[in-house]
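# Residue-level structural notes
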Amino acid sequence: MTNRYLVKTAALLVGVSALAYGAMASELTVVPQPPDFPAQTKVQYVDGSAILEYKALPEYHEPSWVTKQFVDQKKLPPVKDRLPKEPMVYKTGNMPDGVGVYGDTLRHVIGGRPEGWNYWAGQNQGWGGIDIGLFECLTRTGPLFQVKADDLQPLPNLAKSWEWSKDGHKLTMKLIEGAKWSDGQDFTSDDVMFYWDDNVLDPNVSPLNGATQETFGAGTTLKAIDKYTIEWTFKDAFPKQFIYNMAYGTFCPGPAHMLKPQHPKYSKNTYEQYKNAFPPSYMNFPVMGAWVPVEYRPDDIIVMRRNPYYWKVDEKGNQLPYLDETHYKLSTWADRDVQAVAGSGDISNLEQPENFVESLKRSAQKDAPARLAFGPRLIGYNIEMNFSANGWGDPDARQQAIRELNRNEHFRRAITMATNRKELGDSLVKGPFVATYAGGILSGSNFYDRQSTLYYPFDLEGAKKELAAAGLKDTDGNGIVNFPAGTAGGKDVEISMLVSNDYTTDKSLGEGVIAQMQKLGIRVVLNAQASKDRDAANFGGKFDWSLHRTQAELASVVQNTPQLAPTGPRTSWFHRANNKNELDLMPFEKELADTINKFVISSDPKEQAELIKQYQKIYTTNVNTVGLVEYPGALIINKRFKNVPNGAPIYMFNWAEDSIIRERLYVPAADQGDYQLFKDMLPGKPGGDGPQK
Ligand code: GLA
């Protein structure tokens, strides 16, 4: 039999069975090929080892004003004594424009607001790259977008090397030796252990970005061997994947000398007091990052100055960063695009399609201050349904009834069939950018396989039949289906959908979904909240549905891999354990979790690729989430900056603010702007007024 014949027969069979059951519904179909779009830039791929190394250099340099005003005045030790024994050295060959010069400012605009500096107890600093720049992590993944796939592993950072035991259950990491916090205190394994023991493992503390023990594998332990050595013990052999989770945002230790005295275990503080011990107005909070917060004006700006103890240099021995100052203007996310394009801000992740056309037009002009470059399609939106039917988030009767519906395959099929993705896409932006998203791995990911990505094309009549099959009928004739008598009082099916109101796109998609569900006979009401409250509701299980921008793992797969499925009691975004730590997985979720667990311990790239194909098939055929749309983002950055790597996606392993390695950016002397608010000043004492001269 030829292949063609087989295909035809299969098509016939499908046709027959559809007829035989009288089904009109749309069939599971491979998702369409996403259209090409203009202005996508090419990445220059390198080996991981080409980017950086650790070594002592014959001499070190710093800005001359630091030497004159601080070192010569005995306010600061000489630069060689402020650096570690072997600093991290960025190789010139990997710098797009080579060794840089000091000066100038990187002006960010952000839509968030700082809650305080205690990242480890769950406080956010307003996002937009601010925390990424403050807190350094054991490993680093953002820049991996430029590393060849066959050479892929996380870059070293605070952990400068690691080694597996023969049996693969122990991983020994060497920390950078002699590096200091920005206030001059030693960074050691004490900082690492305080983060692990008293934050990650303490059930009363929820670090930002959600690190838990399972992030590193159920049962995983960590101990300090000496001041600069730590040892992990894992239940499985060689779970190399967890090294990715030691990067941003789940293993970035804080300064134990500041935090420990405030922690309830070592003080009279409550957990709430611990969390709030360092409000946004607390200046010069010690960091390992390149810049230190020195000024905060509510709803206006956060200013950071260079960290005199930063532990990274270039090959000429120049202490980084090159840029003396960074700004985070406190505005909105949409304004970030506008300001970057206009030149009053310096950088933006163009991620809201509503702004694409205007931004493209303005940056195409010859005298445009900023360049704009699109990356692959790595942003998508899902409706995540709360799959817990055993108590996560304490549902009332109506909420419980919704959870049961969410777990009903006919119901999920009805929702996905009633979703008109073309219409949702067109409501954001016309043109070739937005594509159909079936949920799961995004099409811009290296792990994407279109043939394994299935969905139910739009079919409202078919959707209604599926709804009936789920037991829902409009018994009172008001256009909205009712719960069966005996469930939730037989009332109208009304679903509350959690969305962030910080982004136009989230709200536009939310409105679109409401209108489309109305036609199906389901009433959806928006529960729009500031992102931080949205996240709290999400982590607390207090939602029916959550409309969510895709997370890192759906783009990179290798980053935060355990979160791709309910592999542990608290790894999934929409299905977590109840307060007895019980997880009521449906059979297909169990399959998803098993597939991901296999992936985590596999060291064969071919097998891993195959496992993700299986994952994607199980995910999309079972409608694990209702994928809506996916599209590319563009990095907008002012033309005066050098060392911006080509083709940096705004989001792959991490956000662009990490990927472009901001500590290496510089502005040639002739192009430098007059933007520094605290020229020739350095951070002052922790808790002090601000910068010092
Ligand atoms: C927000 C922004 C993103 C990115 C991240 C960084 O989520 O929307 O573009 O800047 O912050 O954390």
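Residues numbered from 1 in each chain as written. Predicted model: local features only at pLDDT ≥ 70, side-chain atom pairs only at ≥ 80, totals over all residues. Heavy atoms only, no water.

Read from one edge of the open sheet, three strands run E2-E3-E13, paired in mixed fashion. On the outer flanks of this sheet lie strand E2 (52-54) and strand E13 (312-314), each paired with one strand and no other. Between one strand axis and the next, the sheet turns by 30° as a mean value, whatever way the strands run. (Pairing = 2+ DSSP bridges. Helix = DSSP H or I, 4+ residues; strand = E, 2+ residues; numbered from the N terminus. Axes fitted to C-alpha atoms, helices over the stretch in contact; angles between N-to-C directions.)

Under the definition given, this model contains one disulfide. Disulfide partner of Cys137: Cys252, at an S-S distance of 2.2 Å. Taking the torsion about the S-S bond as the criterion, the Cys137 to Cys252 disulfide, at about 80°, is right-handed. You can see Cys137 sitting in the loop between helix H4 (130-134) and strand E5 (139-140) and its partner Cys252 sitting in the loop between helix H6 (242-245) and helix H7 (256-259), a full 115 residues away along the chain. Summarising the burial analysis for this pair, Cys137 and Cys252 share the class buried. (Disulfide = S-S within 2.5 Å. Buried < 20%, exposed > 50% of the residue type's maximum accessible area, 1.4 Å probe, protein only.)

As a further point, take unusual backbone geometry. Cis geometry marks the peptide bond from Tyr248 to Gly249, where omega comes out at -5°. Position of Gly249 among the secondary structure elements: in the loop between H6 and H7. Across the junction of Leu320 and Pro321, the peptide omega takes the value 0°, indicating a cis bond. Mapped onto the secondary structure, Pro321 falls in the loop between E13 and strand E14 (325-330). Phi at Asp299 is positive, roughly 55°, even though this residue is not glycine. Locating Asp299 in the fold gives a position in the loop between strand E11 (291-297) and strand E12 (301-306).

Attention now moves to the packing of helix H12 (residues 409-417) against helix H14 (residues 460-469). Direction vectors running N to C along H12 and H14 enclose 160°, while the axes themselves pass 8 Å from each other. It follows that H12 is roughly antiparallel to H14 by the angle criterion. Considering only the axes of H12 and H14, their crossing is left-handed. Between H12 and H14, the residues in contact are His410, Phe411, Arg413, Ala414 and Met417 and Leu460, Gly462, Ala463, Glu466, Leu467 and Ala469, respectively. Residue composition of the contact of H12 with H14, by class: seven nonpolar, two polar and two charged. (Parallel < 35°, antiparallel > 145°, perpendicular 65-115°, else oblique. Left-handed = near helix turned anticlockwise from the far one by under 90°. Contact = heavy atoms within 4.5 Å. Nonpolar A, V, L, I, M, F, W, Y, C, P; charged D, E, K, R; others polar.)

Attention now goes to the environment of Asp202. Looking at where Asp202 falls in the secondary structure, it is placed in the loop between helix H5 (189-200) and strand E9 (221-226). Once residues within four sequence positions are removed from consideration, Asp202 is found in contact with Asp197, His263 and Tyr271. A polar contact is formed between the side chain of Asp202 and the backbone nitrogen of Asn204, at a distance of 2.8 Å. (Polar contact = N/O pair within 3.5 Å; in protein donor to acceptor, adjacent residues only side chain to side chain.)

With 15 residues, helix H18 (residues 587-601) extends 22 Å from end C-alpha to end C-alpha; this agrees with the ideal 21 Å at 1.5 Å per step. Listed in full, the buried residues belonging to H18 are Phe588, Glu589, Leu592, Ala593, Thr595, Ile596, Phe599 and Val600. Angularly, the buried residues of H18 cover 160° about the axis, an arc narrow enough to put them on a single face. Elements in contact with the buried residues of H18: H6, H12 and helix H19 (605-621). (Expected span 1.5 Å × (residues − 1). Arc of directions from axis to C-beta.)

Before going further, it helps to examine the pattern of salt bridges. One side chain can pair with another of opposite charge once the charged atoms of both are near each other. Scanning all chains against the criterion turns up 38 salt bridges. As a salt-bridge pair, Lys160 and Glu86 come within 2.9 Å of each other at their nearest N and O atoms. Separated by 74 residues along the polypeptide, Lys160 in strand E7 (residues 159-164) and Glu86 in the loop between helix H3 (79-82) and strand E3 (88-90) bring together distant segments of the chain. Accessibility expressed as a relative area gives 23% for Lys160, which makes it partly exposed. Note that Glu351 and Arg336 form a salt bridge whose closest N and O atoms lie 2.9 Å from each other. Here Glu351, found in the loop between strand E15 (347-350) and helix H10 (356-364), pairs with Arg336, found in helix H9 (residues 333-342); they are 15 residues apart in sequence, far enough to count as distant. Each of Glu136, Arg140, Lys312, Asp658 and Glu663 takes part in one network of salt bridges that share partners. (Salt bridge = Lys/Arg side-chain N within 4 Å of Asp/Glu carboxyl O.)

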